[in-house]
Amino acid sequence: MADGTYADFYRRSIDAPESFWAEQAQAIDWHRPWDTVLDRSHPPFSAWFVGGQTNLCHNAVDRHLAERADQAALVYVSTETGQERTYSYADLHREVQIMAASLQSLGVGRGDRVLIYMPMIPEAVFAMLSCVRLGAVHSVVFGGFASVSLAARIDDARPKAIISADAGSRGGKVIPYKPLLDEALRLSQHPPKQVVVVDRGLVGWAREALRDISYADLRAQHHDAEVPCVWVESTHPSYILYTSGTTGKPKGVQRDTGGYAVALQLSMRAVFGGKAAETFFCTSDIGWVVGHSYIVYAPLLCGMTTILYEGTPLRPDAAVFWRVAEQYRANLMFSAPTAMRVLKRHDPSLLHRHDLSSLRAIFLAGEPLDEPTGRWVAESLGKPVIDNYWQTETGWPILATPQAFPEVSSRMGSPGVAMPGYKVCLRNETDGAPVGVGEKGVLAIDWPLPPGCLQTIWGDDTRYVNTYWSTYPNRQVYSTFDWGRQDADGYIYILGRTDDVINVAGHRLGTREIEESISAHPAVAEVAVVGVQDALKGQSAWAFVVPRPGQESVSEASLQAAIAAHVDAQLGAVARPQRICLVTALPKTRSGKMLRRAIQAICEGRDPGDLTTLEDPLALQQIPDAIARP
Ligand code: AMP
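From a predicted model like this one, the values you see are computed outputs, not experimental measurements. Every chain is numbered independently, its residues counted from 1 as its sequence is written. At least 70 in pLDDT is required for a residue's local features to be given in this predicted model, at least 80 for side-chain atom pairs to be given and counted, and no such filter applies to totals for whole chains, interfaces and linings, which use all residues. For the side-chain quantities, the full set of heavy atoms in the structure was used; hydrogens and water were omitted.

Trainee: Help me out: how do you make sense of the packing of helix H5 (residues 89-105) against helix H6 (residues 122-134) in this one?
Mentor: Pairs of packed helices are described in terms of their axes, by the angle between the two and the distance that separates them. The geometry of H5 relative to H6 is characterised by a closest axis approach of 8 Å and an angle of 65° between their N-to-C directions. Accordingly, the angle class assigned to the pair H5 and H6 is roughly perpendicular. Crossing of H5 against H6: the hand is right-handed. Residues Leu-92, His-93, Glu-95, Val-96, Gln-97, Met-99, Ala-100, Leu-103 and Gln-104 of H5 form the contact with H6, whose own contacting residues are Glu-123, Phe-126, Ala-127, Leu-129, Ser-130, Cys-131, Arg-133 and Leu-134. Gly counts as polar in this scheme, as do all residues outside two lists: the nonpolar Ala, Val, Leu, Ile, Met, Phe, Trp, Tyr, Cys and Pro, and the charged Asp, Glu, Lys and Arg. When its residues are assigned to classes, the contact of H5 with H6 shows 10 nonpolar, 4 polar and 3 charged. Axis angles are defined between N-to-C directions and span 0 to 180 degrees, where every axis is a line fitted to C-alpha atoms and, for a helix, only to the segment in contact. A helix here means a DSSP run of H or I that spans at least four residues, while a strand means a run of E at least two residues long, and both kinds are numbered starting from the N terminus. An angle below 35 degrees is treated as roughly parallel, one above 145 as roughly antiparallel, one from 65 to 115 as roughly perpendicular, and anything else as oblique. Two helices cross in a left-handed way if the nearer one is turned anticlockwise from the farther one by less than a right angle. They cross in a right-handed way if the turn is clockwise. Note on definitions: a residue-residue contact is assigned when non-hydrogen atoms from the two residues lie within 4.5 Å.

Trainee: When you look at the packing of aromatic side chains in this model, what are you seeing that I'm missing?
Mentor: Geometrically, a pair of aromatic rings is defined through the distance of the ring centres and the angle of the planes. Aromatic contacts are taken between Phe, Tyr and Trp rings whose centres are within 6.5 Å, Trp giving its six-membered ring; a plane angle under 30 degrees counts as stacked, one over 60 as edge-to-face, and the others as tilted. A full pass over the atoms with the stated rule returns 39 aromatic pairs. On the numbers, 5.3 Å between centres and 80° between planes, the contact of Tyr-87 with Phe-126 is edge-to-face. In this pair, Tyr-87 is assigned in strand E5 (residues 84-88) and Phe-126 in helix H6, connecting sequence segments 39 residues apart. Here Tyr-87 and Phe-126 have matching classes, each one buried. On the numbers, 6.3 Å between centres and 40° between planes, the contact of Phe-280 with Tyr-294 is tilted. Residue Phe-280 is found in strand E16 (residues 279-282), and its partner Tyr-294 is found in helix H11 (residues 289-301); the two are separated by 14 residues along the sequence. We call a residue buried when its accessible area falls under 20% of the maximum for its residue type, exposed when it is over 50%, and partly exposed in between, using a 1.4 Å probe and counting protein chains only. By relative accessible area, which is 0% here, Tyr-294 ends up buried. Joined through ring pairs, the aromatic side chains of Tyr-6, Phe-9, Tyr-10, Phe-20, Trp-21, Trp-30, Trp-34, Trp-48, Phe-49, Trp-396, Phe-405 and Tyr-422 make up one cluster. The rule for a charge over a ring is simple: NZ of Lys or CZ of Arg within 6 Å of the ring centre, and within 35 degrees of the ring normal. The ring of Trp-483 carries the charged tip of Lys-440 above its face, separated from the ring centre by 4.6 Å. Sitting above the plane of the Trp-542 ring, Arg-579 keeps its charged end 5.2 Å from the centroid.

If you want it as structure tokens, here you go:
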């Protein structure tokens, strides 16, 4: 990948970012070269490869046709439906053009948004690639989200079209998507005129005349379509991906085109050690950033084979990941700590049932990797386990052990060292001054962020600046909202969030979003949601609910069930609190601020800390009683 040590490689990325990234940018095709590598004129914004024109789909698909048309590009494995299908780069090229022509026939073009609400099926990947082929901006919404979450994302992105499916399937249970989408469209202020439905034949669906179109019909009309790539500016948005923050309104992380392509190819080679023609197996979902970057774009940009897996880690048994890895000779795997904790509860001999000789390493990210799980995976598989830390916002790892530089070894408990271009600094919470070695500080990144990171929040530059760049008024510093500690060798240890964002099974959720949903239930007067440590999922959401007067005749169990069902229907089961505890009051300060941290501490059996500002001590005393009730 590069001559020299990682220390030199990293140093160059920081001291001379323009020449470093210009060199990296040679690894992708440009229709027109850039004029300026990095536009620094509008801090804290940064723009990469300004004036350059390229296309993500060209780089992910078309440009490989000369050398690897017959090589597998996409392997689809569904343990839900029993289907397995391999698409070569030539097949992928064909399918993407058919989907692109279909979208064009609906009027989709450069800059238009297309919302993708789909299960893990090949058409979801075709949809993403066909959007960027046309210069359209995709917004993939995780299939586990329900109608209110979906409607909020429709209204923010205002898509010209939506692509969905009749249903998904999880653990053998069919989950209809179309009714949730119909409800979201009913709730939305800006519904698109067209909805494309990929009919998998899993469940019947109601077709709304003039609006809903079956993809099979479009496909038949465009089966031999040839749709050239639309060259776009490097800074042209490729996608929006919503993520949770501390308010109820999700943030649309906006990604560029050229910088993202360059950063992903660098990350695949330097961080993951992946090479063309190798196979990458990422078990995430296309609805999350890991899926965008490491199921779809990075492996394809690098001419690899990517595996798209629809299923759980446990069906037909807890060896299914390893069966897939063996069958398709996966060289690198990427999963989440929760999935490994799930597997750890099953027969360890399952890890030895399959021939994993092709596999070099497994990468885990999205949530803290606890040491026992990390050791268990490493010892059971006999392969390196590489923790890596990043965020939806950054699109690729901030911290990792770069596989292309074997002199950098991993350290248990730490996701690793700063990746190229990230000027990571741990800073004092109040004044932003750098903290010393071993001291706890806010993990911050000095401006400018490297290529591939978010450009802004979709439609809201002010929110972007206020959210990420305003923690320390006199410094151009991006806050990750994570606490960290750095050792003398530069390894960083993540110590939890500084805000109310929680991480359930690697899924980032805002406690405020869940609170807003629960408060909308007619029986609820007030609610506080906190994240509580969970042995399996890392954290789980617990809700403390004050019912409205007049609910006395309703049993506690039925009220809890009604609230859970309400969250399921509004946000999706992914956001359903693990526990819903009824109380008569919530602990607040005299100025009315909810003492979420004190509630969380009690739930985790810790000391609730300083309570001098507490208004009503009885409210806090109720918490342990409420938890103790079954
Ligand atoms: P998301 O944007 O959903 O990927 O969530 C990003 C957040 O997940 C980070 O800000 C961290 O709080 C957490 N996170 C991601 N990866 C790791 C990791 N390797 N170790 C600890 N926390 C992590």
